Amino acid sequence: MASAIWTRYRNTVSARQDVSDFLAALALTSLYYGLYTLAEVVGVDAIPRWPVGYLYLLVLLGGTVFAFLRPGISVLACLALLPLTRAPEVPHTFTTAPADYLMVGIAARVVVMALSDKTLRHRLVSPVAIFLAVSAAAVLSFLVNIAEPDGLPLKLRIAETVGISLSALYPFAIVGMIRAETMKLALVMLITGCAFTVLFGLLGGLQTIACLLPTGGDAPFVIPGSRVSGLAADPNQFAALAVALSAAAAALLEFTRASPTVSRVRLPAIVLLLVTGGTIILAGSRTGMIIYLLFCAIWFLTSWRQFRLVPVIAACTVAGLSATALWSHLPCPLRDDPLIIRFAERNDEAAVLARMAGQDVGAPTEQHLTNTFSQAIETLPKKVIQKDGAGGEGGEGGEEEVSRQFVTDFAATLADETWKLAAAIGADSARQNLWHFAVLLWGEKPLFGWGPGNMAAQTPNGWRAHNTVLTTAAEMGTVGVGALVLTAAIVVVVTVRRLRYSTVGWRGWLLLLTGLVVLSLSAMSQDSLRQGAVWAFAGLVLCLPPPLHRSKLGSAGDLSTAGRH
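It should be emphasised that the depicted structure is a prediction, and the values quoted were computed from it without experimental measurement. Throughout, residues of each chain are indexed from 1 in the direction in which the sequence is written. Local features are withheld for residues below a pLDDT of 70 in this predicted model, meaning they are given only at 70 or higher, and side-chain atom pairs are given and counted only at 80 or more; totals for whole chains, interfaces and linings count all residues. To obtain the side-chain values, all non-hydrogen atoms of the structure were used and water was disregarded.

### Observations concerning the confidence of the model for the chain
In plain terms, the rule: pLDDT is a residue-level measure of predictor confidence that goes from 0 to 100. Counting from the N terminus, the helices are the DSSP runs of H or I reaching at least four residues and the strands are the DSSP runs of E reaching at least two. Contacts were defined at the residue level, with two residues in contact if any of their heavy atoms lie within 4.5 Å.
Of all residues in the chain, 74% attain a pLDDT of 70 or more, and the chain-wide mean is 76. The spread of mean pLDDT over the elements of the chain runs between helix α22 (residues 559–564), the lowest at 37, and helix α6 (residues 125–144), the highest at 95. Below pLDDT 50 for its whole length, residues 4–13 participates in zero contacts with residues either more than four positions away or in separate chains. With pLDDT under 50 throughout, residues 359–400 is counted as low confidence; its partners more than four residues away or in other chains account for 49 contacts.

### Describing the pattern of salt bridges
Heads up, the condition is: Take a side-chain nitrogen of Lys or Arg and a carboxyl oxygen of Asp or Glu: if they are within 4 Å of each other, that pair is a salt bridge. The buried label applies to any residue whose accessible area, calculated with a 1.4 Å probe on protein chains only, is under 20% of its type's maximum; exposed applies above 50%, and partly exposed to all values in between.
What the rule picks out here adds up to three salt bridges. A salt bridge links Glu160 to Arg464, with the nearest nitrogen and oxygen atoms 3.2 Å apart. Taken together, the residues Glu160 in helix α7 (residues 154–168) and Arg464 in the loop between α18 (455–458) and α19 (468–501) connect sequence positions 304 residues apart. Look at Glu160 and you get buried, because its relative accessible area is 11%. Put simply, Glu475 and Arg464 hold a salt bridge, and the shortest N to O gap is 2.7 Å. Highlighted residues: Glu475 in helix α19 and Arg464 in the loop between α18 and α19, separated in sequence by eleven residues. The exposure class of Glu475 is buried, given its relative accessible area of 2%. Through salt bridges that share partners, Glu160, Arg464, Glu475 and Arg530 make up one connected network.

### Re the nonpolar core
The criterion, for reference: Think of a nonpolar core as a cluster: buried Ala, Val, Leu, Ile, Met, Phe, Trp, Tyr and Cys residues, connected wherever their side-chain atoms sit within 4.5 Å.
Core analysis: the largest hydrophobic core is formed by 126 residues, its most contacted members being Met183, Trp299, Leu512 and Phe537. Per-element tally for this core: the top contributor is helix α10 (residues 235–255), with 16 residues. The contacts of Trp299, once residues within four sequence positions are left out, are Ala250, Leu253, Glu254, Leu273, Leu309, Val312, Ile313, Cys316 and Leu511. Counting 15 residues, the second-largest nonpolar core is a separate cluster that includes Ala438, Met455, Ala465 and Ala474.

### What to know about the side chain of Arg123
To keep it simple, the criterion reads: Any N or O atom pair separated by 3.5 Å or less is treated as a polar contact, with the protein-specific requirement of one donor-capable and one acceptor-capable atom, and with residues adjacent in sequence counted only for side-chain atom pairs.
Note that Arg123 resides in helix α5 (residues 118–123). Accessibility expressed as a relative area gives 14% for Arg123, which makes it buried. Of the polar contacts made by the side chain of Arg123, one reaches the backbone oxygen of Val175; its length is 3.2 Å.

### What to know about unusual backbone geometry
Located in the positive-phi region is His466, a residue other than glycine, with phi close to 55°. Tracing the chain through its elements places His466 in the loop between α18 and α19. Since its relative accessible area comes to 23%, His466 is described here as partly exposed.

Now the structure itself:
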């Protein structure tokens, strides 16, 4: 009797603490969203550095101090603030994402906690390995190329290096603070933040669909071309965040199946799932639509026996497919203006010219791509595809030169195959050329690359590869790609090992892992190394409780119980 009373009291106190933390995190989140929304409406570029920029800086630095003092609240707010990546210019900073500043404070507090907690140190082994691998690769690449004359300004290169290291710190901070019993609350906050960005996407979608303004560039939450970006810096990031919302909402539905105290969040989660497909299509992201439908398919395969969820999954799939049918008619489907560039024609100037001239799109587009590719290749710095064989086999440094030429020849061949592959999978002409350039640049400096951020200074149009792996290869070389491979291996091995012995909630964890996988697939068409959502999902997946001892397997009753063993 006394034990039952104590258990009920403990659960009541824990529930009240969860509600208190949630409300405090929601208040902190609302503060940042209010400030950044105001900045977006007024105009990011119109905000003066003094005094507004310095006030933003004060708020950001204050967030770091607050996160160190109250890490439990801050880690929830950090998850909700992941969509905020576009911000006004803030002086003397290397990043303006508020989640980064909170995460630094959280990580510092986790380090202090780990000094006196052996169990926590054991949990942090995997995220520490990830952080050290990625940050070491970034720093080494930066130092090797610090004197590169053709690179970006030094401050931008430092900012990129620091940003990559901060992103790799997300799993460390999240694993240090999130436990199995707080996973539901963490997912609620992640959904809250993604719901904010979906809301802003729907507001921006009014411009994409109705085209109330002459161009999309003057509308809040929209970039030129009427592509919805919410408060993210890029429409592709916005689409990836929408997919993250789907994964988090689906996992929450799994975790709350037998939890009446949290079941009230199920209806909002279902509603958000249904509108996600539409918001992705408003962003004009083909990759976002593909990975969203892929996620729906995997969700169905893991949950088809749960009859209550099957209609939800079917509705999400139908919503996604219906939205896909509108993609080629956006933006401005109700306006028959030949000067409006549709999403299907984006990055393909020949398709636009052919449509305006009433010609067939196929042949001119292919010829245009070939010409564009040839002209752009000629403008590459140092003419990386030319091999003059200087030095010879018998001259000084001849062996090194032969080895270098072999790598360059191999890179040129690989670049050609990459370009053909990009064309075969339907990638637009811009991505085809950028992927080709990235492989050629990797061949020029295969070990450490050109340095973080420097690919933009090496390509004719000042862009990066729009592919995380290829951008990493060009900027951080084989060492950087190896760090990414090591990160993926750690997450997969740890998760599979723990899921193998998990007795509860395995579908929820599997959906989180699926969300991480589809977000990683989205990285194949965009540069997401500094995108916090991917790293945060890796941290959430690593929060899976460690395997239970065989003697305790029979006593595992629910998710929170498993987290305490």
